[in-house]
Each structure stands twice: as structure tokens, then as C-alpha cells.
Amino acid sequence: MFNIGSLKFKRISDGRGDLTPIESETDVPFVIRRVYYMTAVDSDVVRGRHAHRALHQVLVCLNGSITVTLDNTVERQEVVLADPTVGLYVGPYVWREMHDFSADSTLLVLASDHYDESDYIRGYDVFQSEARKHFDE
Ligand code: T46
């Protein structure tokens with residue numbers, strides 16, 4: 001599926017535990033300008049339900065498991081995140097829904113820009129028409 005991808009981060013284990021470094025522009029394909037994370041999300045909650053016009057992000061499930069449904073108007077895909085050394089890259093014009101958060105889950109998100117509400121497309125019909133124009137260009 002275009003505009004999404006799986007990234008693999010290294011895990012450094014030395015007997016004291018595991019350490020995973022993530023460097024801007026090296027381990028993720030953009031400059032990291034914002035980091036946020038989600039905890040304590042109930043298992044029946046669906047988050048997201050929007051797309052972005054310009055934002056690039058990488059989602060990493062640090063603990064537990066989370067399912068992400070992605071839609072680029074051509075296809076829909078479900079990805080289960082359950083490994084803190086795996087990042088899910090999500091580019092512009094991809095509708096995303098995060099659901100089935102396990103009780104112990106933590107979702108870390110690395111973003112290419114500061115928070116900007118005008119970059120969100122929150123209506124599915126608007127997303128479909130804007131995304132089709134964007135991908136046809
Ligand atoms: C995305 C998925 C994966 C801020 O003030 N700053 C921030 O950086 C963010 C991300 C959110 N907010 C505020 C805006 C809302 O009042 O926090 C509240 C919850 O945000 P939202 O409903 O957009 O959260 P999700 O989980 O639906 O979506 C978030 C990101 O917003 C979005 O960019 O791709 O996670």
C-alpha cells in the first residue's frame with residue numbers, strides 16, 4: 001500500500017535490559033518535530049478517524065498491542081503493532097483508525113511537524129475526494 005511502510009529499529013540488549021534508539025532522519029524518514037504518546041485507552045475505543053494533508057508520522061507500540069486500520073482510498077489494511085522495535089510509517093492522505101488497545105498498551109507517535117488542526121481531514125467524504133486528487137497528480 002502506498003504512503004505506509006514498516007520500519008525496523010535496532011534493539012541493544014546487554015543484560016541490563018533492552019534499549020532502542022530512534023534518530024531523526026536516520027531511523028525515520030523525516031525530521032522529528034513532535035512526540036506524543038497514548039496510554040490508558042479502553043479496548044472499545046476507536047481513535048484517529050482522520051487523515052493528514054502534509055504530516056508524516058511513525059507509530060510505535062511500546063507495550064501491549066494496538067491495531068491500526070489504514071485506508072488510502074484504493075485499499076484498506078489492518079496492521080497489528082505489538083513490537084517496540086517496529087515502526088509503522090504513515091504518510092499524508094492515509095485515513096487511520098487505532099483500535100483494540102490492550103489494557104497495558106502505550107502508543108508512541110513521532111511526527112514531522114508541530115500540532116496543526118488545519119492539517120487534519122476529519123470527514124471521510126472530504127478525505128476521499130482530496131486524496132484521489134492528491135494521488136492522481
Ligand atoms: C494521529 C493519530 C495517530 C494536541 O493538543 N497536541 C497534539 O500533538 C495532539 C496529537 C493532540 N492534541 C489535542 C487535540 C485534541 O484535543 O489532543 C486531543 C486529542 O487529539 P486527537 O483526537 O486528534 O487524537 P487521536 O488519537 O484521534 O489522533 C492522534 C493524532 O491527533 C493524529 O495526528 O495521526 O493520533
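Participant: Quick question: what am I supposed to make of the site of the ligand here?
Facilitator: Around the ligand lies a shell of 13 residues, among which Arg34, Arg47, His52, Gln57 and Tyr120 are the nearest. Between Gln57 and the ligand, the recorded distance is 2.6 Å, taken from a side-chain N or O atom to an oxygen atom. Cavity membership is defined here by more than half of the atoms lying within 2 Å of grid points; on that basis the ligand lies in the largest pocket. Where the shell around the ligand is concerned, the elements lending two or more residues are strand E4 (34-38), strand E5 (47-52) and strand E10 (95-99). Examining the composition of the shell around the ligand, we find that four residues originate from one element, E5, more than from any other. Grouping the amino acids of the shell around the ligand by side-chain chemistry returns five nonpolar, four polar and four charged.

Participant: Sorry if this is basic, but what is going on with the nonpolar core here?
Facilitator: Within soluble globular proteins, side chains that are nonpolar tend to cluster in buried spots. Formed by 17 residues in total, the largest nonpolar core has its most connected members in Leu59, Val68, Leu70, Leu81, Leu88, Met98 and Leu107. Mapped by element, the contributors of at least two residues to this core are strand E6 (57-63), strand E7 (66-71), strand E8 (76-81), strand E9 (86-90) and strand E11 (106-111). Tallying contributions element by element places E7 first for this core, with three residues. Leave out the neighbours within four places in its chain, and Val68 touches Leu59, Gln77, Glu78, Val79, Leu81, Leu88, Glu97 and Met98. If you look at the next biggest cluster of nonpolar residues, it comprises nine residues, including Phe9, Val60, Tyr89 and Leu108.

What counts, and where the lines are drawn
- Residues numbered from 1 in each chain as written.
- Predicted model: local features only at pLDDT ≥ 70, side-chain atom pairs only at ≥ 80, totals over all residues.
- Heavy atoms only, no water.
- Near = heavy atom within 4 Å.
- Polar contact = N/O pair within 3.5 Å; in protein donor to acceptor, adjacent residues only side chain to side chain.
- 1 Å grid on protein atoms, 1.4 Å probe; cavity = no way out; pocket = protein on both sides within 12 Å on 5 of 7 lines; lining within 4 Å.
- Sits in = over half its atoms within 2 Å of the grid points.
- Helix = DSSP H or I, 4+ residues; strand = E, 2+ residues; numbered from the N terminus.
- Nonpolar A, V, L, I, M, F, W, Y, C, P; charged D, E, K, R; others polar.
- Core = buried A, V, L, I, M, F, W, Y, C linked by side-chain atoms within 4.5 Å.
- Buried < 20%, exposed > 50% of the residue type's maximum accessible area, 1.4 Å probe, protein only.
- Contact = heavy atoms within 4.5 Å.

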